[in-house]
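Secondary and tertiary structure notes
Take a look at the letters that make up each chain.
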Amino acid sequence: MKPPASLPPEAHYGVLLRDQPACELDEIADQIRRLGYAVVDSGYSAAELNRLSAAFNQTRQQYVQAWGADRLRNINELHTIRAPLTQADPAFLELAGNPRILDVLGRLIVGKFILNQQNGIINPPGETYNQAAWHRDLPYQHFVSSSPLALNALFCLDDFTRENGSTFVLPATHKSINYPSAAYIEKHAVQLEAKAGQYLLLDCMMFHSGGFNRTHKERRAVNHVYTIPYFKQQIKLAGLMHHHELTPAQRELFGFGYQEPVTIEQYLENRKAP
Ligand SMILES: O=C(O)CCC(=O)C(=O)O
């Protein structure tokens, strides 16, 4: 029989600088800085989760009806709902503006951030889908940054389990420029698990992938990529939000104030007098 693992030492020496998280959200931010991921509770009740689940199914039905199942299947988009927050149901505004998530983002991203994209994601049973491959959420990018420029908050509408293809991560790969070797992936990939109602919060530069769903049920999620405002949105949200009365804070989060002027005249107009 193996002897029990000993506790990690509390003592240290030669240390001049130290991180000292003061609360749970600080600890989450600290873990994301170091490892690239954390699981975060949304704080939604069971009744709210039921409402979100129904909103997802309804919005998906309308989306597939609007864009056509055959067309979506042909372009590998059948398992994704683009920008659901632009549709009528306010549930998706709530998911994008979850106070605990925004609080952690504020600790990680220096300065302002905006919602770059929101997507409904379906991991279908017994077949692959467009997120089941290692990627960064800033794809084709090979750099490291001293603080995060982009984070993904993947809201779990269903429990994320090993059986239904919960997300794999490659811890700390946001700290290295290159995509790692097959041997490294085999040794260090971690499959996260989470309960419905939790978010997986990922540094977008950390490699991750959806897993294979071996159950008979779809596994549903809603991803949110938040970035510094210098990055262009996947789909420009300003102009598509006519279903909703937005607060000034929501308008800012959805990037309304960060659209590029199309003329010098407009640029000059936008400048506030000092
Ligand atoms: O579906 C998943 O488990 C992963 C989703 C994903 O890779 C993404 O949102 O970028």
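Please read all numbers here as calculations on a predicted model, not as lab measurements.

1. Observations concerning the sheet that holds strand β1 (residues 37–41)
The 6 strands are arranged β1-β7-β4-β9-β3-β2 in an open sheet whose pairing can be described as antiparallel. The sheet is open, and its two borders are formed by β1 and β2 (80–82), each paired with just one other strand. The average undirected angle you get between the axes of adjacent strands in this sheet is 20°. Pairing geometry for strand β3 (residues 114–123) and strand β9 (residues 219–227), over 9 bridges, is antiparallel. For G120, the partnering residue across the bridge sits in β9 and is V222.

2. Focus on the site of the ligand
Taken together, I121, Y129, Q131, H135, D137, N152, L154, T167, H208, G210, R219 and N223 form the complete shell of residues around the ligand. Separating an oxygen atom of the ligand from a side-chain N or O atom of Q131 is a distance of 3.2 Å. The side chain of T167 places a nitrogen or oxygen atom 2.7 Å from an oxygen atom of the ligand. Bound to the protein, the ligand loses 99% of the 290 Å² it would expose on its own. Of all the secondary-structure elements, those providing two or more residues to the shell around the ligand are β4 (150–156) and β9. When its residues are assigned to classes, the shell around the ligand shows 3 nonpolar, 7 polar and 2 charged.

3. A short note on a nonpolar patch on the surface
A cluster of nonpolar side chains, I264, Y267 and L268, forms an exposed patch at the surface whose accessible area comes to about 350 Å². Checked against the element boundaries, Y267 lands in helix α8 (residues 264–270).

4. Thoughts on the nonpolar core
By size, the foremost hydrophobic cluster in this structure holds 44 residues, and its most contacted members are L85, F155, Y226 and F254. Counting residues in each nonpolar core, the second largest holds 13 residues, with I121, C156, L192 and L200 among its members.

5. Details of the packing of aromatic side chains
For any two aromatic rings, the description comes down to two numbers: the centre-to-centre distance and the angle of the planes. Applying the stated criterion to the full structure yields 5 aromatic pairs. An aromatic cluster of at least three residues, connected via ring pairs, comprises Y44, F155 and Y199. Lying over the aromatic face of F160, R219 brings its terminal NZ or CZ to 3.9 Å of the ring centre.

6. What about the pairing of β9?
Side-chain direction in a regular strand flips from residue to residue, so the side chains alternate between the two faces of the sheet. Within β9, 9 of the 9 residues are buried, leaving the element largely enclosed by the surrounding structure. Of the two faces of β9, the one lined by R219, A221, N223, V225 and T227 and the one lined by R220, V222, H224 and Y226 are each fully buried. With 7 bridges joining them, β4 and β9 adopt antiparallel strand pairing. Residue pairing across strands places A153 opposite H224, the latter belonging to β9.

7. Brief notes about the packing of helix α1 (residues 24–35) against helix α5 (residues 99–108)
Direction vectors running N to C along α1 and α5 enclose 55°, while the axes themselves pass 9 Å from each other. Between α1 and α5, the interaxial angle falls into the category oblique. Classified by chirality, the crossing of α5 by α1 is right-handed. Along its contact with α1, which presents E24, L25, D26, I28, A29, I32 and R33, the element α5 presents R100, D103, V104, R107 and L108.

8. Description of the pattern of salt bridges
Considering all chains together, one arrives at 13 salt bridges under this definition. Residue E252 is joined to K112 by a salt bridge in which the shortest nitrogen-to-oxygen separation is 3.4 Å. In this pair, E252 sits in helix α7 (residues 248–253) while K112 sits in the loop between α5 and β3, placing the two residues 140 residues apart along the sequence. Residues D159 and K195 are paired through a salt bridge, measuring 3.8 Å at the closest nitrogen-oxygen approach. Residue D159 is found in the loop between β4 and β5 (168–169), and its partner K195 is found in the loop between β6 (190–191) and β7 (198–203); the two are separated by 36 residues along the sequence. Judged by its relative accessible area of 32%, D159 falls in the partly exposed class.

9. Here's the deal with the side chain of Q117
Along the chain, Q117 turns up in strand β3. Of the polar contacts made by the side chain of Q117, one reaches the side chain of N116; its length is 2.9 Å. Within polar-contact distance, the side chain of Q117 engages the side chain of Q234 at 3.2 Å. When near neighbours in sequence (up to four residues on either side) are disregarded, Q117 contacts N223, H224, V225 and Q234.

Calculation rules
- Residues numbered from 1 in each chain as written.
- Predicted model: local features only at pLDDT ≥ 70, side-chain atom pairs only at ≥ 80, totals over all residues.
- Heavy atoms only, no water.
- Pairing = 2+ DSSP bridges.
- Helix = DSSP H or I, 4+ residues; strand = E, 2+ residues; numbered from the N terminus.
- Axes fitted to C-alpha atoms, helices over the stretch in contact; angles between N-to-C directions.
- Near = heavy atom within 4 Å.
- Polar contact = N/O pair within 3.5 Å; in protein donor to acceptor, adjacent residues only side chain to side chain.
- Areas by Shrake-Rupley, 256 points an atom, 1.4 Å probe, with all protein chains shown as cover.
- Nonpolar A, V, L, I, M, F, W, Y, C, P; charged D, E, K, R; others polar.
- Patch = residues over 30% accessible without salt bridge, like charges linked within 9 Å, V, L, I, M, F, W, Y side chains within 5 Å.
- Salt bridge = Lys/Arg side-chain N within 4 Å of Asp/Glu carboxyl O.
- Core = buried A, V, L, I, M, F, W, Y, C linked by side-chain atoms within 4.5 Å.
- Buried < 20%, exposed > 50% of the residue type's maximum accessible area, 1.4 Å probe, protein only.
- Phe/Tyr/Trp six-rings, centres within 6.5 Å; stacked < 30°, edge-to-face > 60°.
- Lys NZ or Arg CZ within 6 Å of the ring centre and 35° of its normal.
- Parallel < 35°, antiparallel > 145°, perpendicular 65-115°, else oblique.
- Left-handed = near helix turned anticlockwise from the far one by under 90°.
- Contact = heavy atoms within 4.5 Å.

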